[in-house]
Amino acid sequence: MRLEDLDYTLPPELIAQHPAAERDASRLLVVRRATGELEDARFRDLAHFLAPGDALALNETRVQPARLEAHRGTGGRVELLLVRRDDDGAWRALARPAKRALTGERLRVGEVELEVTAEGEHGERTLAVRAGDLDAEMHAHGQIPLPPYIRRAPEAEDAERYQTVLARVEGAVAAPTAGLHFTRAQLDALIAAGHPIVKLLLHVGPGTFRPVTAADPRAHAMDAEWFEVSDEAAAQLRAAREHGGRIVAVGTTVVRALESACDANGGRLAPARGWTRKFIHPPYAFQAVDALLTNFHLPRTTLLLLVAAFAGEHTLRRAYAHAVAQRYRFYSYGDAMLVV
């Protein structure tokens, strides 16, 4: 397929700049793959569109306050987005502007002294900690890294609302946004109705916002992201299918974690953990996903390609055109879509 086949025009005012007043007050566009039917609903009515025994798989990653301001010895400023800490104690980060953080540069963040020891593409830098505790500094003074299309500084509401209610394991630089709509009460009600809530992990990296620029989308290089599907999670999801239910993936990160686990086990959904560069685009035969709950995504991104592979390109184009015409709210703090 061609990237431009999935392009769409979005009025800027439809990009949600704040979350809905209540998590489950978001709208929900239900897309039926078999017929192409589209139905407008509310997220709090999600249970109406689930079949008996359906299990929901959610990502329990937690966004770290990873955005920090660093200072050069000359007095210049560099914005750092901390991505992860390596086993040797060095940090992987994105620097902006990258030209102010070249190899050998010394940076200071509060009481922490850093040295740039390596450079990568897209502003990627490796930072050695020469003095102080960068992790402690991040938690004391770092900001939640809101996506670039949210054109405002983080506010008090973001500390809670840019985390899912299940967020537990810190390590992401972006939220698994499909999960942002759930309240604890809604999850409890789904469990009581016979829908298991299954937790797994994929730490969302900065590549989630990186556009696909290769003429052939298959040439796009994915960032490595850490995922874990436990024995318990795999068993619960297999059991749901064995009893006639579906596996409902809550978000593209869950899809990639489940499909990565299948790849690691010869196509069978079984426990797995490690680094994944899983890139899903049309055509693709899904191994562990029967329905997908997702937000609306930017054009020319790996996220939109994944949803196109699941929903079908023609159906997805119709769904997005409908969402724009009906004034749905888009992207991280926007509305949701259920593809069944």
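It should be noted that the structure appears before, not after, this text.
Parameters and conventions
Residues numbered from 1 in each chain as written. Predicted model: local features only at pLDDT ≥ 70, side-chain atom pairs only at ≥ 80, totals over all residues. Heavy atoms only, no water. Axes fitted to C-alpha atoms, helices over the stretch in contact; angles between N-to-C directions. Helix = DSSP H or I, 4+ residues; strand = E, 2+ residues; numbered from the N terminus. Left-handed = near helix turned anticlockwise from the far one by under 90°. Contact = heavy atoms within 4.5 Å. Nonpolar A, V, L, I, M, F, W, Y, C, P; charged D, E, K, R; others polar. Phe/Tyr/Trp six-rings, centres within 6.5 Å; stacked < 30°, edge-to-face > 60°. Buried < 20%, exposed > 50% of the residue type's maximum accessible area, 1.4 Å probe, protein only. Lys NZ or Arg CZ within 6 Å of the ring centre and 35° of its normal. Pairing = 2+ DSSP bridges. Parallel < 35°, antiparallel > 145°, perpendicular 65-115°, else oblique.

J.: What should I look at first to understand the packing of helix 6 (residues 302–311) against helix 7 (residues 313–325) in this one?
T.: To describe two helices that pack against each other, one gives the angle between their axes and the distance between the axes. One can describe the packing of helix 6 onto helix 7 by two numbers: an axis separation of 7 Å at closest approach and a directional angle of 115 degrees. Considering only the axes of helix 6 and helix 7, their crossing is right-handed. Counting all contacts with helix 6, which are made through L304, V307, A308 and A311, the residues of helix 7 involved are E313, T315, L316 and Y320. Classifying every residue of the contact of helix 6 with helix 7 gives 6 nonpolar, 1 polar and 1 charged.

J.: Can you help me understand the packing of aromatic side chains in this one?
T.: The way to describe two aromatic rings as a pair is by their centre distance and the angle between their planes. Following the criterion strictly, the structure yields 13 aromatic pairs and no others. Aromatic pair F43 and F182: ring centres 5.0 Å apart, planes at 85 degrees, arrangement edge-to-face. Taken as a pair, F43 in the loop between strand 2 (38–42) and strand 3 (55–59) and F182 in the loop between strand 11 (169–172) and helix 3 (184–192) lie far apart in primary sequence, 139 residues in all. Owing to a relative accessible area of 0%, F43 belongs among the buried residues under this scheme. Since its relative accessible area comes to 0%, F182 is described here as buried. Each ring, one from Y162 and one from Y333, has its centre 5.9 Å from the other, and the planes form 80 degrees; the classification is edge-to-face. Of this pair, Y162 sits in the loop between helix 2 (158–161) and strand 11 while Y333 sits in the loop between helix 7 and strand 17 (336–339); the two residues are 171 residues apart in sequence, bridging distant segments of the chain. Comparing Y162 with Y333, the two get one shared label, buried. Taking NZ or CZ as reference, R33 lies 3.9 Å from the ring centre of F310, over its face.

J.: Before we go on, may I ask you to explain the sheet that holds strand 7 (residues 91–96) in this structure?
T.: Sheets are built from strands that pair by backbone hydrogen bonding, the pairs being arranged parallel or antiparallel. Pairing is antiparallel around the closed barrel formed by 6 strands, whose spatial order is 5-6-7-10-9-8. Strand-to-strand twist in this sheet, taken as the mean axis angle between neighbours without regard to direction, amounts to 45 degrees. By the bridge criterion, 4 bridges tie strand 8 (residues 106–109) to strand 9 (residues 112–119) in an arrangement that is antiparallel. Within strand 9, the position partnered with R106 by the bridge is E115. Running over the sheet, helix 1 (residues 134–141) touches strand 5 (67–72), strand 6 (77–85), strand 7, strand 8, strand 9 and strand 10 (124–131) and is turned about 115 degrees from strand 5.

J.: Sorry if this is basic, but what is going on with the sheet that holds strand 2 here?
T.: Read from one edge to the other, the open sheet built from 9 strands follows the order 2-1-17-16-14-3-12-13-15, with strand pairing classed as mixed. What marks the edges here is a single partner per strand, and that holds for strand 2 and strand 15 (272–276). Strand-to-strand twist of the sheet, defined as the mean angle between neighbouring strand axes without regard to direction, takes the value 20 degrees. In the packing of helix 5 (residues 252–264) onto the sheet, contacts are made with strand 3, strand 12 (197–202), strand 13 (225–229), strand 14 (247–250), strand 15 and strand 16 (291–295), and the angle to strand 12 comes to roughly 80 degrees.

J.: In this structure, what is going on with the packing of helix 5 against helix 6? I would like to understand it.
T.: Direction vectors running N to C along helix 5 and helix 6 enclose 70 degrees, while the axes themselves pass 10 Å from each other. Considering their axes alone, helix 5 and helix 6 lie roughly perpendicular with respect to each other. Note on packing geometry: the crossing formed by helix 5 with helix 6 is left-handed. Of the residues in helix 6, those touching helix 5 at T252, V255 and R256 are L303, L306 and V307.

J.: Where do I start with helix 6 in this structure?
T.: Side chains that are three or four residues apart share a direction in an α-helix, a result of its 3.6 residues per turn. Most of helix 6 sits inside the fold, with 10 of its 10 residues counted as buried. Considered for burial, the residues of helix 6 that qualify are T302, L303, L304, L305, L306, V307, A308, A309, F310 and A311. Backbone geometry just downstream of helix 6 places G312 in the positive-phi region, at approximately 100 degrees.

Just distances and angles here, no functional claims.
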